[in-house]
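Breakdown of the fold
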Amino acid sequence: MKHINIIGIGTGNPEHVTIQAINAMNAADVIFLPLKGAGKEELAEIRREICELYITRPAVRIAEFELPERQTADRSYSQSVDAWHGEIANIYGELISGLPDGGTGAFLVWGDPSLYDSTIRIIERVRKANSIDFDYCVVPGITSIQALAASHKIPLNLVGKPVEITTGRRLARDGFRGGSAVIMLDGEQAFTKIDDPDAEIFWGAYLGTADEIIRSGQLADIASDIQALRTEARQRHGWIMDIYLLRKGRDFEE
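These remarks concern the structure in this document. (Residues numbered from 1 in each chain as written. Predicted model: local features only at pLDDT ≥ 70, side-chain atom pairs only at ≥ 80, totals over all residues. Heavy atoms only, no water.)

**Focus on the sheet that holds strand β9 (residues 213-218)**
Short version of the rule: Here, a strand pair is defined by DSSP locating no fewer than two bridges between the strands. The way it works is that DSSP assigns letters per residue, a run of H or I at least four long becomes a helix, a run of E at least two long becomes a strand, and they are numbered from the N terminus. To define axes, lines are fitted to C-alpha atoms, for helices over the stretch in contact only, and angles between the resulting N-to-C directions are given on a 0 to 180 degree scale.
With mixed pairing, the five strands of this open sheet are ordered in space as β6-β7-β10-β8-β9. A single partner strand is all that each edge strand has here, and the edge strands are β6 (163-167) and β9. With direction set aside, neighbouring strand axes in the sheet form an average angle of 15°. Bridging between strand β8 (residues 200-205) and strand β10 (residues 242-248) involves six bridges; their strand directions are antiparallel.

Pasting the structure below:
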């Protein structure tokens, strides 16, 4: 039987890579490394750097492949993601089919494979749609949520209260109801539409890397500054990964 390792590698800082992840990388015959097109070469370079630092077994091979772009025209969000996952599953199926009998392949996943990443879903899709006989394991990684809290030197939660993890799309639709909410995948900068004088924001981009940017304060005071920083950083790098915590309230408030 063939085997796949789905490995969380953190937010781009090679020091986020765990010993378990390093062992899983070295156990692979092939590391599958995605290329995301013009302007995003740096993402592939970070993965290559991690491989160069930690792979010590000479037999491990790096296999690069092109990742298709998600098509959004004339489709709902769910329809576009479903079709995109189908395209990627076809590619993954071919990659896994190319492994030798009993061989092991590995996918390196930003952050942690369980949080707003679809590699596990796509691998399950391959298992159900193909006659390839393989199993897989998941290696956890440091998430951008952990990196955000560490960089701002804050706990995520208020004492005795929950933390919501959601998306920019949901924030724009539902608004901010108070408490603590971690917002991911906010390409539209939904925080600029929140009108709440008591809300605080803790924002970060390229967390854990040499390019890290963080800002915090009252949302009403710094939302426009964060928006400008984000725009400039994306133009400079060609891509951006950012995340933020919205918070309202204090510890020990009823």
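Picking up where we left off.
**Examining a nonpolar patch on the surface**
To be explicit about the condition: A patch consists of residues exposed above 30% relative accessible area that lack any salt bridge, with like charges linked at up to 9 Å and nonpolar side chains (Val, Leu, Ile, Met, Phe, Trp, Tyr) linked at up to 5 Å. Only the protein chains shown count as covering a residue, and every accessible area follows the Shrake-Rupley method with a 1.4 Å probe. Just to be clear on terms, a salt bridge is a Lys or Arg side-chain nitrogen sitting within 4 Å of an Asp or Glu carboxyl oxygen. Exposure is judged per residue with a 1.4 Å probe applied to protein chains only, and the accessible area is read against the type maximum: over 50% gives exposed, under 20% gives buried, and values in between give partly exposed.
Together, Tyr 116, Val 163, Ile 165 and Leu 185 line one region of the surface with nonpolar side chains, adding up to about 340 Å² of accessible area. Relative accessible area serves as the criterion here: at 32%, Val 163 is assigned to the partly exposed category.

**Observations regarding helix α1 (residues 19-26)**
Applicable threshold: Contacts are assigned to residue pairs that have any heavy atoms within 4.5 Å of one another.
Listed as buried for α1 are Ala 21, Ile 22, Ala 24, Met 25 and Asn 26. Against the buried residues of α1 lie β1 (2-8), β2 (30-35), α2 (41-54), β4 (104-109) and β5 (134-139).

**Looking at helix α4 (residues 119-129)**
What counts here: Comment: arc refers to directions from the helix axis out to C-beta atoms.
For α4, every residue scored as buried is listed here: Thr 119, Ile 122, Ile 123 and Val 126. The arc that holds the buried residues of α4, viewed along the axis, is 100°, so those residues lie on one side. The outward face of α4, more than 90 degrees from its buried face, is lined by the exposed residues Arg 121 and Lys 128. Here the buried face of α4 lies against β1, α3 (77-97), β4 and β5.

**Notes on the packing of aromatic side chains**
Note the following rule: Between the rings of Phe, Tyr and Trp (Trp by its six-membered ring), a pair exists once the centres lie within 6.5 Å; its type follows the angle of the planes, with under 30 degrees stacked, over 60 edge-to-face, and the other angles tilted. Lysine NZ or arginine CZ positioned within 6 Å of the ring centre and within 35 degrees of the ring normal marks a charge as sitting over the ring.
All chains considered together, the criterion is met by five aromatic pairs. With a centroid separation of 5.0 Å and an interplanar angle of 40°, the aromatic rings of Phe 32 and Phe 107 are classed as tilted. With Phe 32 in strand β2 and Phe 107 in strand β4, this pair connects stretches of sequence that are 75 residues apart. Looking at Phe 107, the relative accessible area reads 3%, which means it is buried. Relative to Tyr 92, the ring of Phe 65 has its centre 6.0 Å away and its plane inclined at 85°; by these criteria the two rings are edge-to-face. Remark: Tyr 92 occurs in helix α3 and Phe 65 occurs in strand β3 (residues 61-66); sequence separation between them is 27 residues. Under the relative-accessibility criterion, Phe 65 is labelled buried at 7%. Taken together through their ring pairs, the aromatic side chains of Phe 32, Phe 65, Tyr 92 and Phe 107 make up a single cluster. A cation over a ring is seen here: Arg 169 above Tyr 77, with NZ or CZ 3.7 Å from the ring centre.

**Topic: the nonpolar core**
The tendency in soluble globular proteins is for nonpolar side chains to be buried as a group. Filter applied, for reference: Definition used in this section: a nonpolar core is a set of buried Ala, Val, Leu, Ile, Met, Phe, Trp, Tyr and Cys residues joined via side-chain atoms within 4.5 Å.
Of all hydrophobic cores here, the largest spans 42 residues; its most connected members are Ile 7, Met 25, Ile 31, Ile 201 and Tyr 244. In this structure, Ile 6, Val 30, Leu 67 and Tyr 92 belong to the second largest nonpolar core, which totals 20 residues.

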